[in-house]
Amino acid sequence: MTHIFLYFVALFSLSQSAAFAKWAAAPPEVIGFWRLLIAGSLVLPWAYWQGSLKQQWSEHRGHRKWVYWTGLFFFAHLWTFFYASQHTLISHTMIIFATNPLFVALGQWWLSKERPPAKTGLAYALAILSLLIIFRQARGTHGSELIGDLSALAASFFFSIYILLSKKSREVFNNSVFTSIMYLCTAICFGLMLALSHHSWTNYPLNTWQGIGGQILFSTLLGHSLIAFLMRYLNITLMTTGKLAEPVFASIVASFVFAEPLTGYVGLAFFLTACSLVILFWPFKKSKAS
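Being a predicted model, the structure only gives us computed values, none of them experimental. (Residues numbered from 1 in each chain as written. Predicted model: local features only at pLDDT ≥ 70, side-chain atom pairs only at ≥ 80, totals over all residues. Heavy atoms only, no water.)

Some details on the overall build of the chain
Rules: Only DSSP runs of H or I reaching four residues or more are called helices, and only runs of E reaching two or more are called strands; each is numbered from the N terminus. For the radius of gyration, the atom set is restricted to C-alpha positions; the globular benchmark scales as 2.2 Å times the number of residues to the power 0.38. To be clear on the numbers: accessible area is Shrake-Rupley with a 1.4 Å probe, and residue cover counts the displayed protein chains and nothing else. Think of it this way: Lys and Arg go in the positive column, Asp and Glu in the negative one, and His and the chain ends go nowhere. Charge positions are represented by NZ for Lys, CZ for Arg, CG for Asp and CD for Glu.
Each helix and strand counted, the chain has 14 helices and zero strands in total. When its helices and strands are written in sequence order, the chain yields α-α-α-α-α-α-α-α-α-α-α-α-α-α. For 290 residues, the compact-globule estimate of 2.2 N^0.38 gives 19 Å, and the C-alpha radius of gyration of the chain, at 19 Å, lies within 12% of that figure. C-alpha extents for the chain along the principal axes are approximately 55 × 50 × 35 Å. Split by element, the accessible area of the chain, about 14200 Å² in all, is 70% carbon and sulfur. Between the averaged position of the 19 positive side-chain charges in the chain and that of its 8 negative side-chain charges there is a distance of 10 Å.

Digging into the packing of aromatic side chains
Cut-off, in case you're wondering: When the centres of two rings from Phe, Tyr and Trp lie within 6.5 Å, Trp using its six-membered ring, the rings pair. Their planes under 30 degrees apart give stacked, over 60 give edge-to-face, and anything left gives tilted.
In this structure the tally under the stated criterion is 21 aromatic pairs. Grouping aromatic residues by their ring pairs yields a cluster made of Phe74, Phe81, Phe82, Phe97, Phe159, Tyr162 and Tyr183.

Side note on the environment of Val253
As a reminder of what qualifies: We call a residue buried when its accessible area falls under 20% of the maximum for its residue type, exposed when it is over 50%, and partly exposed in between, using a 1.4 Å probe and counting protein chains only. Residue contacts follow a heavy-atom distance rule, with two residues in contact if any of their heavy atoms lie within 4.5 Å.
Note that Val253 resides in helix H13 (residues 245–257). The exposure class assigned to Val253 is partly exposed, which follows from its relative accessible area of 23%. Spatially, the C-alpha atom of Val253 lies 17 Å from that of Ala84, the residues being 169 residues apart in sequence. In this structure, Val253 is in contact with Phe12 and Gln16, ignoring residues within four places of it in sequence.

Some details on the pattern of salt bridges
Rules: In what follows, salt bridge is the name for a side-chain nitrogen of Lys or Arg lying within 4 Å of a carboxyl oxygen of Asp or Glu.
Within this structure, the stated rule accounts for two salt bridges. A salt bridge links Glu260 to Lys22; the nearest nitrogen and oxygen atoms lie 2.6 Å apart. Remark: Lys22 occurs in helix H2 (residues 17–24) and Glu260 occurs in the loop between H13 and helix H14 (264–281); sequence separation between them is 238 residues. Classification of Glu260 by relative accessible area gives buried; the value is 7%. Judged by its relative accessible area of 24%, Lys22 is partly exposed. As a salt-bridge pair, Glu171 and Lys168 come within 3.7 Å of each other at their nearest N and O atoms. Classification of Glu171 by relative accessible area gives exposed; the value is 52%.

Describing H2
Most of H2 is tucked away, with six of its eight residues classed as buried. Where H2 is buried, its residues meet helix H1 (2–15), helix H3 (28–50), helix H5 (64–87), helix H6 (90–97) and helix H11 (206–230). Backbone geometry just downstream of H2 places Ala25 in the positive-phi region, at approximately 50°.

Quick notes on the packing of H5 against H6
Definition in use: Lines fitted to the C-alpha atoms define the axes, with helices restricted to the stretch that makes contact. Angles between their N-to-C directions range from 0 to 180 degrees. Residues are grouped as follows: Ala, Val, Leu, Ile, Met, Phe, Trp, Tyr, Cys and Pro are nonpolar; Asp, Glu, Lys and Arg are charged; all remaining types, including Gly, are polar.
Orientation of H5 relative to H6, taken along the N-to-C sense of each, is 145°, at an axis distance of 8 Å. Contacts between H5 and H6 pair His77, Phe81, Ala84 and Ser85 from the former with Thr93, Met94 and Phe97 from the latter. When grouped by side-chain class, the residues that make up the contact of H5 with H6 number four nonpolar, three polar and no charged.

Examining unusual backbone geometry
Phi is positive for Ala25, which is not a glycine, with a value near 50°. Of the residues examined, Ala25 reaches a relative accessible area of 57% and is grouped as exposed. One non-glycine residue with positive phi stands out, namely Ala259, at about 55°. Classification of Ala259 as exposed rests on a relative accessible area of 64%.

So, the side chain of Ser176
For the record, the criterion: Whenever two N or O atoms come within 3.5 Å, that pair is a polar contact, provided that in protein one can donate a hydrogen and the other can accept it, and provided that, for residues adjacent in sequence, both atoms are side-chain atoms.
Summarising the element assignment, Ser176 is placed in helix H10 (residues 175–197). With a relative accessible area of 11%, Ser176 lands in the buried category. A polar contact is formed between the side chain of Ser176 and the side chain of Asn174, at a distance of 3.2 Å.

A look at the packing of H2 against H11
So the rule is basically this: Working rule for angles: under 35 degrees goes down as roughly parallel, over 145 as roughly antiparallel, 65 to 115 as roughly perpendicular, anything else as oblique. If you view the pair so one helix is near and one far, a crossing is left-handed when the near helix is turned anticlockwise from the far one by less than a right angle, and right-handed when it is turned clockwise.
Packing of H2 against H11 leaves a shortest axis separation of 7 Å and a crossing angle of 165°. Classified by the angle between their axes, H2 and H11 sit roughly antiparallel to one another. For the crossing formed where H2 meets H11, the hand is left-handed. Here H2 contributes Ser17, Phe20, Ala21, Trp23 and Ala24 to the contact with H11, which in turn contributes Asn207, Thr208, Gln210, Gly211, Gly214, Gln215, Phe218 and Ser219. Taken together, the residues that form the contact of H2 with H11 break down as five nonpolar, eight polar and no charged.

Digging into the environment of Asn207
Mapped onto the elements of the fold, Asn207 is located in helix H11. With 182 residues separating them in the primary sequence, Asn207 and Ala25 have C-alpha atoms 7.7 Å apart. Here the side chain of Asn207 touches Trp23 through a polar contact of 2.8 Å, landing on its backbone oxygen.

This is how it looks when you write it as C-alpha cells:
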C-alpha cells in the first residue's frame, strides 16, 4: 500500500512539470540549465560515494557514448516540453505528451525487428484522431498555440528516444551513476544554448526561481526518482498506463492556477488517447522491472 501511495505522489509531482515551467515564465534554456545543473549536482555526490561512479565510468568506456546521447535527447525533450508549456494550454501539452508510449513501442518493434500485434492499427488511429482534435482547436485560436502543440508532439517523440537510449545506458551503469552524468550532460547542452541566446543567466523575478525550484523538487526528486525506485516493486505496464492520470492532475491544477478552461474537446481528446494506450498495452502482464 505504501508503494501505491508513493506512486500517486510521483504521478502528481510529474504532472505539475508543465505548470512550473509556465509559472517560471522564463526562456526554456534558463529553466533547463538551472534545473539540470542543480539536480545533477545533488545526485553526483551520491553516485560517487554509493554508486561507484569512478569505477563504473572507467570500466565501461564503450558505453559512455550512450549516456551522452541520452543527455542530448533529454535536452531536446525538455526544451520542447518547456516551450509547449508556455505557448499552449497545459491540458494540450500533457495529453499530447501522453502519446510517448506509442513512439517507444514503435522504436522497440523497429529495434527488435518484431512484427507489431494486430491491435496496433486501432491504437494508433485513436491517438492520431486525438491529436487532430487538439490541433484543429489550436488552429482556430492563434498560431502560437498550434506551434506549442507541435512542440509538445516533438517533446513526446524526443522523450521516447531518451527512454530507449537510457535503457541502453542502464545495461552497465547503475541508476545514480547514469542519472548524475546524464543530468550534467543535459545541463551543458542547455548552458551552450543559453550562451548562444544571450539571455540573462540570473536576472529573473522570484516566480522564475519558484518555478525552477518546483521543477527540481517535484518533477525531478519526487517524480522521476520515485518512479525509478518504484519500478522494482510495481508492475511496469500498469505504471506506464497509470501515467494517464497526469493530464487529469495537470488540467485540474491549471484550471485553478492559470484559469485554463476544461472544455469538452479536451475531455474527448484525453479519452481517445487513454483508449489508444489501453488497447496498446492490453492484456497487462504481471511482470516487474529489474
